[in-house]
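Structure assessment
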Amino acid sequence: MASAGSNPSLKMSADTTEDARPAPWQRAATGANLLSPEGNLGVTIFEEMTTLALSTGAINLGQGFPDEDGPAEIKAAARSAIASGANQYAPGKGVPALREAIASHQQRFYGLTPDPDTEVLVTTGATEAIAATLLAFIQPGDEVLTFEPFYDSYGAIIGMAGGKHVTAPLLAPDFLPDLEALESSFSSRTKIVLLNNPHNPTGAVFPEPVLARIVELAAKYGAIIVSDEVYEHLTFSVPHIPITSLPGAGERTITISSAGKTFSFTGWKIGWLTGPEHLVAAVRTVKQFLTYSSGTPFQSAIAVGLGLPDEFYTGIAATLGHKRDILAEGLRAAGFGVYNPSGTYFINVDTAPLGILDSVDLARRLPGLVGVAAIPVPVFCHPEGAERTRSLLRFAFCKKTDVLEEAAERLATLKDRL
Ligand code: PMP
Ligand code: GLN
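Residues numbered from 1 in each chain as written. Chains lettered and ligands numbered in written order. Predicted model: local features only at pLDDT ≥ 70, side-chain atom pairs only at ≥ 80, totals over all residues. Heavy atoms only, no water.

Some words on the packing of aromatic side chains
Here the structure, examined in full by the defined rule, presents 19 aromatic pairs. Plain terms: the ring middles of F263 and F312 are 5.5 Å apart, the flat faces sit at 15 degrees to each other, and that makes the pair stacked. Highlighted residues: F263 in helix α8 (residues 259–263) and F312 in helix α11 (residues 310–333), separated in sequence by 49 residues. Exposure class is identical for F263 and F312. Each is buried. Taken together, F109, Y110, F263, F312 and Y313 form an aromatic cluster joined through their ring pairs. For the cation-ring pair, R394 lies above F346, with the distance from its terminal atom to the ring centre recorded as 3.6 Å. (Phe/Tyr/Trp six-rings, centres within 6.5 Å; stacked < 30°, edge-to-face > 60°. Helix = DSSP H or I, 4+ residues; strand = E, 2+ residues; numbered from the N terminus. Buried < 20%, exposed > 50% of the residue type's maximum accessible area, 1.4 Å probe, protein only. Lys NZ or Arg CZ within 6 Å of the ring centre and 35° of its normal.)

Notes on the pattern of salt bridges
If you walk through the whole model with that rule in mind, you get 16 salt bridges. E143 is paired through a salt bridge with R189; the nearest N and O atoms lie 3.6 Å apart. Pair noted here: E143 is in strand β3 (residues 143–148) and R189 is in the loop between β4 (164–169) and β5 (190–196), with a separation of 46 residues, a long-range link. Since its relative accessible area comes to 8%, E143 is described here as buried. The salt bridge partner of D361 is R364, with a shortest N-O separation of 3.3 Å. Placement of both D361 and R364 in helix α12 (residues 359–370) is noted, with a separation of three residues, approximately one turn of the helix. Judged by relative accessible area, D361 falls into the partly exposed class, the value being 26%. Within this structure, E183, R213, E216 and K220 form a network of salt bridges that share partners. (Salt bridge = Lys/Arg side-chain N within 4 Å of Asp/Glu carboxyl O.)

Section: the site of ligand 1
For ligand 1, the set of nearby residues contains 13 residues, the closest of which are T127, D228, Y231, S258 and K261. In the environment of ligand 1, a nitrogen atom lies 2.6 Å from a nitrogen or oxygen atom belonging to the side chain of D228. Contact distances for ligand 1 include 2.6 Å between an oxygen atom and a side-chain N or O atom of S258. Top contributing element to the shell around ligand 1 by residue count: helix α5 (residues 125–137), with four residues. (Near = heavy atom within 4 Å. Polar contact = N/O pair within 3.5 Å; in protein donor to acceptor, adjacent residues only side chain to side chain.)

As for the packing of α5 against helix α9 (residues 277–290)
Packed helices, taken two at a time, are described by the angle their axes make and the gap between the axes. Remark: α5 packs on α9, axes separated minimally by 8 Å, with the N-to-C direction vectors making an angle of 110 degrees. Judged by the angle between their axes, α5 and α9 are roughly perpendicular. In the crossing of α5 with α9, the sense of the turn from one axis to the other is right-handed. On α9, the residues that touch E128, A132, T133, L135, A136 and F137 of α5 are L279, A282, V283, V286, K287 and L290. Partitioned by chemical class, the residues of the contact of α5 with α9 number nine nonpolar, one polar and two charged. (Axes fitted to C-alpha atoms, helices over the stretch in contact; angles between N-to-C directions. Parallel < 35°, antiparallel > 145°, perpendicular 65-115°, else oblique. Left-handed = near helix turned anticlockwise from the far one by under 90°. Contact = heavy atoms within 4.5 Å. Nonpolar A, V, L, I, M, F, W, Y, C, P; charged D, E, K, R; others polar.)

A look at the sheet that holds strand β6 (residues 224–228)
On the basis of which strands lie adjacent, the open sheet formed by seven strands has the order β2-β8-β7-β6-β5-β3-β4 and mixed pairing. At either end of the open sheet lies a strand with only one pairing partner, and these are β2 (120–124) and β4. Looking at each pair of strands side by side, their axes are set apart by 25 degrees on average, direction ignored. Two strands pair when backbone bridges link them, and β5 and β6 are joined in this way by five bridges, in the parallel orientation. The residue bridging L194 from the neighbouring strand is V226, located in β6. Where α9 meets the sheet, its contacts fall on β2, β6, β7 (253–258) and β8 (270–274), and the angle it forms with β2 comes to roughly 30 degrees. (Pairing = 2+ DSSP bridges.)

Focus on the sheet that holds strand β13 (residues 392–396)
Taken together, four strands build an open sheet; the order of strands is β9-β10-β13-β12 and the sheet is antiparallel. Of all strands in the sheet, those with a lone pairing partner are β9 (337–339) and β12 (375–376), marking the two edges.

See below:
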């Protein structure tokens, strides 16, 4: 397995800048054994940057969480669920109302018809859905293919499950894979293709030909497709296509989503997955021993959320699209090269036009320099990918408009402070 240790651009440590070993979150992302002598229980890049933002008073455009709560009726539903006594363990697979709401949502938006009893599983955030799915299917030595950059928990869980993490690059400016080269990342040991669409951190939304090629290759190599679609409703003028809706995909695909993103309740940790019964049953078995069940009153509340009218869903995408435009303009004015995202709430910029080639170093200094925190993209990569993305920095725009405007003003002063 590739290690971040050999990459000079990843020498940042949560504890000391003198420490040449990768930071704890880097070891976790490469699947290092955190209890080994070289290991060190530590924090993720998100936790690290949020702590830095808090200690410096910086505007936190690092960790992706909204600074406004989601719909009042969903909060009211949670309060009323608590008041009415929905406070003990939920059924392991999720409260029936939420499983039914998840199935209806799949039908309403995608024409999919999962059985709420056997083909839906509620999880403690998408994070648990990812962990339980990978733990259910990976045997030591199995290969798991992700695109790169990849969301940090993928590397950590693949490592914990004893899998081998293989990556296929997403290439600027569109951050889509090279479809000709993609087959070279598959092998007879490929057990899972784990994709994230819309994609964090790049903001790419995979079009149908890309998805079709992934399905074709997964079928050819007998791999399970795991599709993390937590940003399914956060796309701008392009449709989100669930990979499971493509011909040949349904029987081999687990689809993951989360209320955190769609409804702006990241702290509630309600996620779910859908897929064919035999796959969902295996994941359910693992989930029983991770958390057994997930927050009962929040589940009922999210069932209410999933039933909100279409206008809610189009509204969140439109509002976020406007925020994207505000931040993108500010970042451009600050002198960064801006990659306009088609989805998610993240913008990637190239720091090279400002003469900065190391985004890890810049991320560490940015809160002190101008009072804004961001996430360096190389931390979502193995060494080769980290080299390719060395000058990329990710900003979150799920913040109030005036906060984004203030951040833009601060960033505009960066070129004079370098
Ligand atoms: N997958 C991706 C791609 C994410 O960006 C996140 C972060 N929110 C998660 C999974 C985790 O979601 P949750 O907070 O529901 O566990
Ligand atoms: N998904 C969020 C992000 O990418 C962070 C979630 C977390 O802190 N684990 O910023």
